[in-house]
Amino acid sequence: WCLGNVAGDSPVLRDHVLRSGALGPMLQNIVKPANQSLLGNIVWALSNFCRGKPQPDLSLIEHCIPYLAFLLNHEKKDIVMDACWALSYLSDGDDDRIQAVINGGAVPLLVSLLGQDESSIIT
């Protein structure tokens, strides 16, 4: 939660957090979260890692894309929404960013979400 707050404060601080190696341990907590609360905090923090202008260097953040794609199938709506926001931030930009999201396997899962009744997820 703390790292998400720091990263969300400014692009300079976000980049500092990313360059400090915070992403790797956070991704490990997606694979094996201690609990759902921790997972929710991790995904929210990842969305902060992905947002802001200027955007984070793609090389620092693209490793999280398959993990975010994985989270699109999660049962908790808030986790899915934060994963969607993170992918939205990541794909906002040039073709390399869009291609990274495609390569990460997120597009078929995002399309499947469009068929859901949850308006908070599809809007």
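Everything in this summary refers to the structure shown in the same document. If you're wondering where the values come from, they're calculated on a predicted model, not measured in any experiment.

**Quick notes on the overall build of the chain**
When helices and strands are tallied, the chain shows ten helices and zero strands. If you list the helices and strands of the chain from N to C, you get α-α-α-α-α-α-α-α-α-α. Radius of gyration (C-alpha) of the chain: 13 Å, near the 14 Å computed for a compact globule of 123 residues. Long-range contacts, defined here as pairs at least 24 residues apart, represent 65% of the contacts in the chain between residues at least 6 apart. Just so you have it, the chain exposes about 6,800 Å², and 55% of that area is on carbon and sulfur atoms. Of note, the chain has its 8 positive side-chain charges centred 6 Å away from the centre of its 13 negative side-chain charges.

**Some thoughts on the environment of Gly 4**
By the secondary structure assignment, Gly 4 is in helix α1 (residues 2-9). Along the primary structure Gly 4 and Asn 73 are separated by 69 residues, whereas in three dimensions their C-alpha atoms are 22 Å apart.

Conventions adopted
- Residues numbered from 1 in each chain as written.
- Predicted model: local features only at pLDDT ≥ 70, side-chain atom pairs only at ≥ 80, totals over all residues.
- Heavy atoms only, no water.
- Helix = DSSP H or I, 4+ residues; strand = E, 2+ residues; numbered from the N terminus.
- Rg over C-alpha atoms; globule rule 2.2 N^0.38 Å.
- Contact = heavy atoms within 4.5 Å.
- Areas by Shrake-Rupley, 256 points an atom, 1.4 Å probe, with all protein chains shown as cover.
- Lys, Arg positive; Asp, Glu negative; His and termini not counted.
- Charge placed at Lys NZ, Arg CZ, Asp CG, Glu CD.

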